[in-house]
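The residues making up each chain are set out below.
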Amino acid sequence: MNLNIIGYTIYLLITTIIIIKVGKICYNNGNIFVSELLPNHEDLCHKINQILLVGYYLLNLGYCAMTLISWEKILSFHQLIEIIAFKSAVIICTIAMMHYFNIILLTKYIKKLI
């Protein structure tokens, strides 16, 4: 039995669920945040939030897929769990950093763009 294929499947399933769930939460709550930055521009706020969501999905799902080539050969179930946990933690930290980076960009530069 090839444990790498099992690991890839579990990893992609876990990270995809996390990415989609976090993306929906940020999208739903982001409309309010962006609307406060740009009062009286509701259509623009909605479009900015949609673009952020699409970029978020593309970047994170692409990164998850790219990390598969760096996996070493998995020899045991213990190693399988460790690798999945570590790789999933890296994705979660990346999502958190992206979230704060987007907030910083929006709060500092959005008014200059209009």
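Residues numbered from 1 in each chain as written. Predicted model: local features only at pLDDT ≥ 70, side-chain atom pairs only at ≥ 80, totals over all residues. Heavy atoms only, no water.

**Topic: the overall build of the protein chain**
Then step 1. Scanning the protein chain from terminus to terminus reveals three helices and zero strands.
Then step 2. Counting from the amino terminus, the protein chain carries its helices and strands in the arrangement α-α-α.
Then step 3. Relative to the compact-globule value of 13 Å for 114 residues, the protein chain shows a C-alpha radius of gyration of 18 Å, a clear excess of over 25%.
Then step 4. With the C-alpha coordinates aligned to their principal axes, the bounding extent of the protein chain is approximately 60 × 20 × 20 Å.
Then step 5. Evaluated residue by residue, the protein chain yields a buried proportion of 31% over its 114 residues. (Helix = DSSP H or I, 4+ residues; strand = E, 2+ residues; numbered from the N terminus. Rg over C-alpha atoms; globule rule 2.2 N^0.38 Å. Buried < 20%, exposed > 50% of the residue type's maximum accessible area, 1.4 Å probe, protein only.)

**Considering the environment of Gly 30**
Then step 1. Relative to the assigned elements, Gly 30 resides in helix H1 (residues 3-37).
Then step 2. Sequence-wise, Gly 30 and Ile 104 are 74 residues apart; in three dimensions their C-alpha atoms are separated by 13 Å.

**Some points on the nonpolar core**
Then step 1. Formed by 16 residues in total, the largest nonpolar core has its most connected members in Tyr 11, Ile 19, Tyr 56, Trp 71, Ile 74 and Ile 91.
Then step 2. Taken together, the elements giving at least two residues each to this core come down to H1, helix H2 (42-67) and helix H3 (77-113).
Then step 3. Ranked by the residues each element gives to this core, the list is headed by H3, at six residues.
Then step 4. Beyond its immediate chain neighbours, meaning those up to four positions away, Ile 91 contacts Tyr 11, Thr 15, Ile 19, Tyr 63 and Cys 64.
Then step 5. In terms of nonpolar packing, the next biggest core, distinct from the first, is built from six residues, Leu 38, Cys 45, Ile 48 and Leu 106 among them. (Core = buried A, V, L, I, M, F, W, Y, C linked by side-chain atoms within 4.5 Å. Contact = heavy atoms within 4.5 Å.)

**Concerning the packing of H1 against H2**
Helix packing geometry: the angle between the two helix axes and the distance between the axes.
Then step 1. It is the contact of H1 with H2, at a shortest axis distance of 9 Å, that shows an interaxial angle of 160°. It follows that H1 is roughly antiparallel to H2 by the angle criterion. As H1 runs across H2, the sense of the crossing is right-handed.
Then step 2. Counted by class, the contact of H1 with H2 contains 16 nonpolar, 11 polar and one charged residues. (Axes fitted to C-alpha atoms, helices over the stretch in contact; angles between N-to-C directions. Parallel < 35°, antiparallel > 145°, perpendicular 65-115°, else oblique. Left-handed = near helix turned anticlockwise from the far one by under 90°. Nonpolar A, V, L, I, M, F, W, Y, C, P; charged D, E, K, R; others polar.)

**Let's talk about a nonpolar patch on the surface**
Then step 1. A cluster of nonpolar side chains, namely Phe 101, Leu 105 and Tyr 109, defines an oily patch on the protein surface of about 300 Å² accessible area.
Then step 2. With respect to the secondary-structure elements, Leu 105 resides in helix H3.
Then step 3. Given the relative accessible area of 34%, Leu 105 is considered partly exposed. (Patch = residues over 30% accessible without salt bridge, like charges linked within 9 Å, V, L, I, M, F, W, Y side chains within 5 Å. Areas by Shrake-Rupley, 256 points an atom, 1.4 Å probe, with all protein chains shown as cover. Salt bridge = Lys/Arg side-chain N within 4 Å of Asp/Glu carboxyl O.)

**Overview of the packing of aromatic side chains**
Then step 1. One pass over the structure, following the stated rule, counts three aromatic pairs.
Then step 2. Centre to centre, the rings of Tyr 11 and Trp 71 are 5.3 Å apart; their planes meet at 65°, and the pair counts as edge-to-face. You can see Tyr 11 sitting in helix H1 and its partner Trp 71 sitting in the loop between H2 and H3, a full 60 residues away along the chain. Across the pair, exposure class does not vary: Tyr 11 and Trp 71 are buried alike.
Then step 3. Here Tyr 56 and Tyr 57 contribute two aromatic rings whose centre-to-centre distance is 5.7 Å and whose plane-to-plane angle is 50°, an arrangement assigned as tilted.
Then step 4. Since its relative accessible area comes to 10%, Tyr 56 is described here as buried.
Then step 5. Among the aromatic residues, those joined into a ring-pair cluster are Tyr 8, Tyr 11 and Trp 71. (Phe/Tyr/Trp six-rings, centres within 6.5 Å; stacked < 30°, edge-to-face > 60°.)

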